[in-house]
Amino acid sequence: MWKRSGHQPKIKAEDGPLAGQFEVLGSVPEPAMPHPLELSELESFSVFEDIRLHIREVGAHLVKKVNAIFQLDITKDGKIILQWTIDLKNGSGDMYPGPARLPADTVFTIPEPVFMELVLGKMNPQKAFLAGKFKANEMVPLVKGSPRARFHSPV
């Protein structure tokens, strides 16, 4: 059986790394998402913060009704500038910045101006989707009446 001894190693002030013991690494590549200070400059950032607060209030109820994970990729000039995940499948619901920790049921790719028009009610979501203003990659058929759900149903 292992015994714990009272021996504590003593570190002297002159102990430290020897010359040449560490190597200097190159520069760190720039992250795909903007620095957090730049996030607050985006119009959509405050909308996501409001959604996050709402999910904290009524998330458990939404989990029972929705049972899905959504990833929102907000783009600018064709590049993803912001990612948020809305988890309405696990626990009492959660919303967090970044890609989905578990596989997302649906991934929305939306340009920021289109997203803002959608949340402000200036654009009809169904018409915008059909016009190709944003994309949705449905990984799992969420709607029972959708053609994909009928195609995959064992009838």
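See the structure printed just above.
All of the points below concern the structure found in this document. Every chain is numbered on its own, with residues counted from 1 as its sequence reads. Where totals are concerned, whole chains, interfaces and linings use all residues; where local detail is concerned, this predicted model gives features only for residues with pLDDT of at least 70, and gives and counts side-chain atom pairs only at 80 or more. Based on all heavy atoms of the structure, the side-chain values leave hydrogens and waters out of the count.

## A look at the side chain of Asp105
For Asp105, the location among the structural elements is in the loop between β3 (94–97) and β4 (106–111). Only 2.7 Å separates the side chain of Asp105 from the backbone nitrogen of Ile69, close enough to count as a polar contact. Secondary structure elements follow DSSP: runs of H or I of four or more residues count as helices, runs of E of two or more count as strands, with numbering from the N terminus. Under this definition, polar contacts are N or O atom pairs within 3.5 Å; protein pairs additionally need one hydrogen-donor-capable and one acceptor-capable atom, and for neighbouring residues in sequence, both atoms have to be side-chain atoms.

## Quick look at the packing of helix α2 (residues 43–66) against helix α3 (residues 112–119)
The axes are straight lines fitted to the C-alpha atoms, using for helices just the contacting stretch, and the angles between their N-to-C directions are given from 0 to 180°. At a closest axis distance of 9 Å, the pairing of α2 and α3 adopts a crossing angle of 45°. Comparing their axes, α3 and α2 come out oblique. By crossing handedness, the relation of α2 to α3 is classed as left-handed. Seen from α2, the contacting residues are Glu43, Ser44, Val47 and Phe48; seen from α3, they are Glu112, Phe115, Met116 and Val119. Note that Gly is not counted as nonpolar here; it falls among the polar residues with everything else outside the nonpolar set of Ala, Val, Leu, Ile, Met, Phe, Trp, Tyr, Cys and Pro and the charged set of Asp, Glu, Lys and Arg. Classifying every residue of the contact of α2 with α3 gives five nonpolar, one polar and two charged. Here is the rule for angles: anything less than 35 degrees is roughly parallel, anything more than 145 is roughly antiparallel, 65 through 115 is roughly perpendicular, and the remaining ranges are oblique. Definitions for this section: a left-handed crossing has its near helix turned counterclockwise from the far helix by less than a right angle. A right-handed crossing has that turn clockwise. Contacts are assigned to residue pairs that have any heavy atoms within 4.5 Å of one another.

## Some remarks on the sheet that holds β4
Adjacent strands of a sheet form backbone hydrogen bonds with each other and so pair up, either parallel or antiparallel. Two strands are said to pair when DSSP picks up at least two bridges between them. Spatial ordering of the open sheet is given by β3-β2-β1-β4-β5, a layout of five strands whose pairing is mixed. For this open sheet the edge positions go to β3 and β5 (135–138), each flanked by a neighbour on one side alone. Between one strand axis and the next, the sheet turns by 15° as a mean value, whatever way the strands run. As paired elements, β4 and β5 share four bridges and run antiparallel to each other. Note on β5: the bridge partner recorded for Thr106 is Glu138.

## Examining the pattern of salt bridges
Think of a salt bridge as a Lys or Arg side-chain nitrogen and an Asp or Glu carboxyl oxygen that are within 4 Å of each other. Tallied over the entire structure, the rule returns three salt bridges. Here Lys89 makes a salt bridge to Asp105, at a shortest N to O gap of 3.1 Å. In this pair, Lys89 is assigned in the loop between β2 (79–88) and β3 and Asp105 in the loop between β3 and β4, connecting sequence segments 16 residues apart. Relative accessible area serves as the criterion here: at 33%, Lys89 is assigned to the partly exposed category. Think of it in three bands: residues with accessible area under 20% of the maximum for their type are buried, residues over 50% are exposed, and the middle band is partly exposed, with areas taken using a 1.4 Å probe on protein chains only.

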